[in-house]
Every structure is written in structure tokens, then in C-alpha cells.
Amino acid sequence: MCSPTSVQPPLQGFQWGSREGPLADEPIRNVKFKIVDATIAAEPLNRGGGQIIPTTRRVCYSAFLMATPRLMEPVYYVEIQTPAGERRRRAHLLYTALAAIQQEFMSSASAV
């Protein structure tokens with residue numbers, strides 16, 4: 001049976017590794033790590049938190065990178081209606097937010 005002192009450092013290593021993932025220091029989400037085998041050293045000097053926590057973090061990173069991860073960026077499609085005189089200002093605002101204008105068209109005048 002594992003004692004709480006032997007379980008805590010690997011748990012902290014996995015928490016650190018998943019909080020600051022290897023891709024752009026973003027948190028790792030929707031990933032399952034399966035520990036198949038683990039052997040902890042008998043000497044107290046080699047099983048301290050200073051040895052186990054960084055090692056567990058590196059193992060977490062290596063396993064994650066072996067799975068060929070990728071960054072996903074959300075894409076939103078919106079329809080914006082604005083007066084003709086404000087078109088240039090709205091376009092500038094969208095471009096500063098790294099948006100792309102797919103289509104522009106003029107509609108007939110309507111009371112808003």
C-alpha cells in the first residue's frame with residue numbers, strides 16, 4: 001500500500017506538468033495518463049520531492065508530445081451590421097483583433 005508521502009510528489013509533478021503544458025505553456029486538457037509501472041528508490045535521498053516532482057513533470061511532457069498534440073484555436077463567424085460611414089472604423093477594429101472579413105455587402109437603407 002502506498003503511503004501519502006510517496007504519492008504526493010508524483011501527484012504534484014503531474015499537476016505542474018498539466019498546469020503548464022509543453023505547448024505554449026497552456027494547460028493540458030482532456031488527456032488521460034495511464035501509469036503502467038512505477039518504482040520508487042529505496043534511499044530517502046533519491047525519492048524526495050526535489051527528485052520526483054521535476055521527473056514526473058518531464059515524463060508528463062514526453063508522453064504528451066509522443067501523442068502528436070496540436071493547438072486548437074476557436075473560430076467564430078459573426079454578422080455585423082453597421083452604418084456605411086462606420087465601415088472603415090469597424091474594419092480596423094476587427095483587424096486589430098486578428099479577425100478576417102470574409103464578405104462585405106451593402107444593403108438597402110432601413111430604419112433601425
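Model, not experiment: these values are computed from the prediction.

A. Representation of the overall build of the chain in the model. Summing up its helical and strand segments, the chain has three helices and zero strands in all. When the elements of the chain are put in sequence order from the N terminus, they spell out α-α-α. Relative to the compact-globule value of 13 Å for 112 residues, the chain shows a C-alpha radius of gyration of 25 Å, a clear excess of over 25%. C-alpha atoms of the chain, sized along the principal axes, occupy 80 × 20 × 20 Å. Across the 112 residues that make up the chain, the buried fraction comes to 11%. Considering only residue pairs separated by 6 or more positions, the chain has 61% of its internal contacts joining residues 24 or more positions apart. Carbon and sulfur atoms provide 56% of the accessible area of the chain, an area that totals close to 10,200 Å².

B. A look at the pattern of salt bridges. One pass over the full model with this rule turns up three salt bridges. Measuring nitrogen to oxygen at the nearest pair gives 3.6 Å for the salt bridge that ties Arg90 to Glu86. The salt bridge partner of Glu104 is Arg87, with a shortest N-O separation of 3.1 Å. Taken together, the positions of Glu104 in the segment after helix H3 (87-96) and Arg87 in helix H3 put the pair 17 residues apart, joining distant regions of the chain. The class of Glu104 is partly exposed, set by a relative accessible area of 48%.

C. How the structure looks around the environment of Phe14. Checked against the element boundaries, Phe14 lands in helix H1 (residues 4-19). It is 11 Å that separates the C-alpha atoms of Phe14 and Lys32, two residues lying 18 residues apart in sequence. Setting aside chain neighbours within four positions, we find Phe14 in contact with Phe33, Ile35, Thr56 and Cys60.

D. Spotlight on H3. In terms of burial, H3 is largely open, as just one of its ten residues are buried. Just downstream of H3, Leu98 is the residue with a positive phi angle, here 60°.

E. A look at the packing of aromatic side chains. Applying the stated criterion to the full structure yields one aromatic pair. A centroid spacing of 5.6 Å and a plane angle of 50° characterise the contact between Phe14 and Phe33, whose relative ring orientation is tilted. On the criterion of sequence distance, the pair formed by Phe14 in helix H1 and Phe33 in the loop between H1 and helix H2 (49-66) is long-range, its members being 19 residues apart. When the ring centre of Trp16 is taken as origin, the NZ or CZ atom of Arg57, which lies over that ring, is 4.3 Å away.

F. Seen up close, the side chain of Thr56. Relative to the helices and strands, Thr56 resides in helix H2. The residues contacting Thr56, other than those within four sequence positions of it, are Pro10, Gly13 and Phe14.

Definitions and limits used
- Residues numbered from 1 in each chain as written.
- Predicted model: local features only at pLDDT ≥ 70, side-chain atom pairs only at ≥ 80, totals over all residues.
- Heavy atoms only, no water.
- Helix = DSSP H or I, 4+ residues; strand = E, 2+ residues; numbered from the N terminus.
- Rg over C-alpha atoms; globule rule 2.2 N^0.38 Å.
- Buried < 20%, exposed > 50% of the residue type's maximum accessible area, 1.4 Å probe, protein only.
- Contact = heavy atoms within 4.5 Å.
- Areas by Shrake-Rupley, 256 points an atom, 1.4 Å probe, with all protein chains shown as cover.
- Salt bridge = Lys/Arg side-chain N within 4 Å of Asp/Glu carboxyl O.
- Phe/Tyr/Trp six-rings, centres within 6.5 Å; stacked < 30°, edge-to-face > 60°.
- Lys NZ or Arg CZ within 6 Å of the ring centre and 35° of its normal.

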